[in-house]
Amino acid sequence: MAELLYIDPGSSSFLVQAIIAAVLGIGFFFKNIWAYIKSIFVRTPKKTDDNQAH
Amino acid sequence: MEKTITRHPSSYRDPSGFIFTVNHILYRQVNKVFAPHFDHFIRSGCYQRLADKKWLISHEEIRENMTGGPDWHTTLKPAPLHCITYPYEWSFDMLKDAALLTLQLVKESVAFGCILKDATPYNIQWHQGRLIFMDTLSFEQYSEEEPWIAYRQFCECFLGPLLLMHYKKMPLQPLLLAWPEGIPLPVIKSLLPGRSKFSLYTFLHIHLNTGISVKGNASPQKKIKFSRQKLLNLVNSLETLVKKLRLPPHQSTWSAYYEEACGRSNYLGEKKRIIREWVGGLNGFKTAADLGANDGAFSRILAENDIYTIAADFDPFCINNLYHFIRENGIRNIQPVIADLANPSPAIGVNNEERTSLISRLKVDLCLALALIHHLSIGKNIPFEMTADFLSRIGSKALIIEFIPKTDVKVQLMLSVKKDIYTSYTEDNFKKAFQSYFKIARQEPIGDSGRVLYFMILHEK
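Not measured: the values here are computed from a predicted model. (Residues numbered from 1 in each chain as written. Chains lettered and ligands numbered in written order. Predicted model: local features only at pLDDT ≥ 70, side-chain atom pairs only at ≥ 80, totals over all residues. Heavy atoms only, no water.)

Student: Explain the sheet that holds strand 1 (residues 5-7) of chain B residue by residue, including any values.
Tutor: Residues and elements named next belong to chain B. An order of 1-2-3-5-4 is seen for the 5 strands of this open sheet, with the pairing classed as antiparallel. If you trace the sheet from one side to the other, it starts and ends with strand 1 and strand 4 (59-62), each paired once. Averaged over all pairs of adjacent strands, the angle between their axes in this sheet comes to 35 degrees, without regard to strand direction. In this structure, strand 1 lies alongside strand 2 (residues 17-22), joined through 3 bridges in antiparallel fashion. Among the inter-strand pairings, Arg 7 is bridged to a residue of strand 2, identified as Phe 20. (Pairing = 2+ DSSP bridges. Helix = DSSP H or I, 4+ residues; strand = E, 2+ residues; numbered from the N terminus. Axes fitted to C-alpha atoms, helices over the stretch in contact; angles between N-to-C directions.)

Next comes the structure, spelled out in structure tokens:
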């Protein structure tokens, strides 16, 4: 923990983000394949915009 | 008139600029060093888009070097705010919406070639019935090869506190007061239950993140290339996780208080009638604080009379319910705040000036203290004189206060579990103590409840 005092905590998150992004990339890759397979068999309803926090 | 320029004590971290006040009006200076980023933010249309969506506070650009400093690039005059509040005074869903707003800002700004360089809830404030981002200088030019600089800050300031409240099923706002810069990841990780590891996104963003951060610091940093898709994957995963977090409905201290109160010979109806009549006759009252606001029934009466009302209660569930009500009904002049009146938020941060005390921020024309005095006097042993002094520092013009006699069923309930040492708790002593600060203008009993409403006018100082 001592080294945390000398290094900007933001910089250490670069490596973390690279690893997490890689894991997420694999996850999304399979998710997309699954969504494609599902879309062949299931008619999905039109997506509504849920991009509003308020 | 001579200008007095005061740099805000919290505006020292970022060399991009700073905020200052001139004759009580707030301005933001953009420094030369940040000019390329700021100009891109404006020219790309990003500012306009975010301001149009009411996600970012709008500003007026004033091309005048008001501070006279050599670093000046431009000056902004942001839309004014009523009352600054801090995340430890927000309910769970307020913090959650602030987190979602932060993530939406990242996604939206990336489309314009900008990115949010900070992810702290202190950049978000209450404005016209919603939470809005304040720091116009938090947007810098986006480089696709760079990861999100504020990722760890987001995890410590937003995600961690929300996860802890979600898993522990209790409001934990005081933790945000203890760690205003965000709860350190190792602390969050150790406080979360082991089962949280089985949630993929919680595992990645907290458990794995903590593990790698601690180990990763020991070795020199390698240059790691990122991409826009990776950034969006990261932000989308955070958004999915935050959206799932809930603080389960809970029987709050005041839940069903009004239902019970209604049963008491139309006590509530009569009280509303009197308040409506008194408030309707007020002139020149623009702001109010409803202390012990509960679900905001009386704040709504004030708001209906065009009085901007800060509704404060120490119960986080009440404030959360009120927040939902405000959001769903689009009410613009009620501001919900969690406040323990026997322990209002202190001044914290650098020089104890960075985040000011609640009392210094709560400055209104009218103070409303309904069914409150017995909680302070008998529940917390605060003498009438001290309560009168406290309330006189909040309402600069008048006070509406309800006196609850010792014979009242609620007071008797409180005294059933503690020794009655409150011999001075009488209506006469109450009036005497308050008359040192206020002039009693009106008083009216509430039906046959035994409770009495007082309208008091503050003595001129």
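Student: Which residues make up the packing of helix 10 (residues 267-280) of chain B against helix 11 (residues 297-304) of chain B, and what values do they have?
Tutor: Residue and element names in this part refer to chain B. Where helix 10 contacts helix 11, the axes come no closer than 10 Å and their chain directions differ by 25 degrees. In this view, helix 10 runs roughly parallel relative to helix 11, as classed from their interaxial angle. Between helix 10 and helix 11 lies a crossing of right-handed hand. Contacts from Leu 268, Lys 271, Lys 272, Ile 275, Arg 276 and Val 279 in helix 10 reach Ala 297, Phe 298, Ile 301, Leu 302 and Glu 304 in helix 11. (Parallel < 35°, antiparallel > 145°, perpendicular 65-115°, else oblique. Left-handed = near helix turned anticlockwise from the far one by under 90°. Contact = heavy atoms within 4.5 Å.)

Student: Could you give an account of unusual backbone geometry, naming the residues involved and the relevant values?
Tutor: All names here are of chain B. For His 24, which is not glycine, the phi dihedral falls at a positive 70 degrees. Here His 24 shows up in the loop between strand 2 and strand 3 (25-31). His 24 gets classed as exposed once you look at its relative accessible area, which sits at 81%. The backbone of Asn 381 sits at a positive phi, close to 60 degrees, despite the residue not being glycine. Residue position: Asn 381 is located in the loop between helix 14 (373-379) and helix 15 (384-392). (Buried < 20%, exposed > 50% of the residue type's maximum accessible area, 1.4 Å probe, protein only.)

Student: Which residues make up the domain arrangement of chain B, and what are the values?
Tutor: Residues and elements named next belong to chain B. The domain boundaries assigned to chain B delineate domain 1 (1-248) and domain 2 (257-458). For domain 1 versus domain 2, the distance between C-alpha centres works out to 34 Å. Every contact between the two is made by 29 residues of domain 1 and, on the other side, 28 residues of domain 2. A combined buried area of about 2600 Å² lies between domain 1 and domain 2, and 59% of that area is made up of carbon and sulfur atoms. The closest approach of N and O atoms between Arg 13 and Glu 354, which form a salt bridge, is 2.5 Å. Viewed at the interface, domain 2 and domain 1 are joined by 14 residue pairs in polar contact (both at pLDDT 80 or more). Each residue belonging to the side of domain 1 that touches domain 2 can be placed in one class, and the counts come to 17 nonpolar, 8 polar and 4 charged. (Domains from an automatic or database assignment. Buried area = accessible area lost by both parts, 1.4 Å probe. Salt bridge = Lys/Arg side-chain N within 4 Å of Asp/Glu carboxyl O. Polar contact = N/O pair within 3.5 Å; in protein donor to acceptor, adjacent residues only side chain to side chain. Nonpolar A, V, L, I, M, F, W, Y, C, P; charged D, E, K, R; others polar.)

Student: Please provide a residue-by-residue account of helix 1 (residues 35-43) of chain B, values included.
Tutor: Two residues of an α-helix separated by three or four positions point the same way, owing to the 3.6 residues in each turn. Residues and elements named next belong to chain B. Listed as buried for helix 1 are Ala 35, Phe 38, Asp 39 and Phe 41. Seen from one end, helix 1 has its buried residues packed into an arc of 155 degrees, which puts them on one side. Tucked inside the fold, the buried residues of helix 1 contact strand 3, helix 2 (46-52), strand 4, strand 5 (72-78), strand 6 (114-116) and strand 9 (139-141). (Arc of directions from axis to C-beta.)

Student: Please provide a residue-by-residue account of the environment of Ala 311 of chain B, values included.
Tutor: Residue and element names in this part refer to chain B. One can find Ala 311 in strand 11 (residues 308-313). Residues Ala 311 and Pro 186, 125 residues apart in the sequence, show an inter-C-alpha distance of 35 Å. For Ala 311, the contacting residues outside a window of four places in its chain are Asp 290, Ala 293, Ser 299, Ile 319, Leu 322, Ile 334, Gln 335, Pro 336 and Val 337.

Student: Please provide a residue-by-residue account of the nonpolar core, values included.
Tutor: All names here are of chain B. Trp 148, Phe 154, Leu 159, Leu 291, Ile 400, Ile 401 and Phe 434 are the most contacted members of the largest nonpolar core, which has 148 residues in total. Taken domain by domain, this core gets at least three of its residues from each of domain 1 (1-248) and domain 2 (257-458). Counting residues in hydrophobic clusters, the runner-up holds 6 residues, among them Phe 20, Val 22, Tyr 27 and Ile 62. (Core = buried A, V, L, I, M, F, W, Y, C linked by side-chain atoms within 4.5 Å.)

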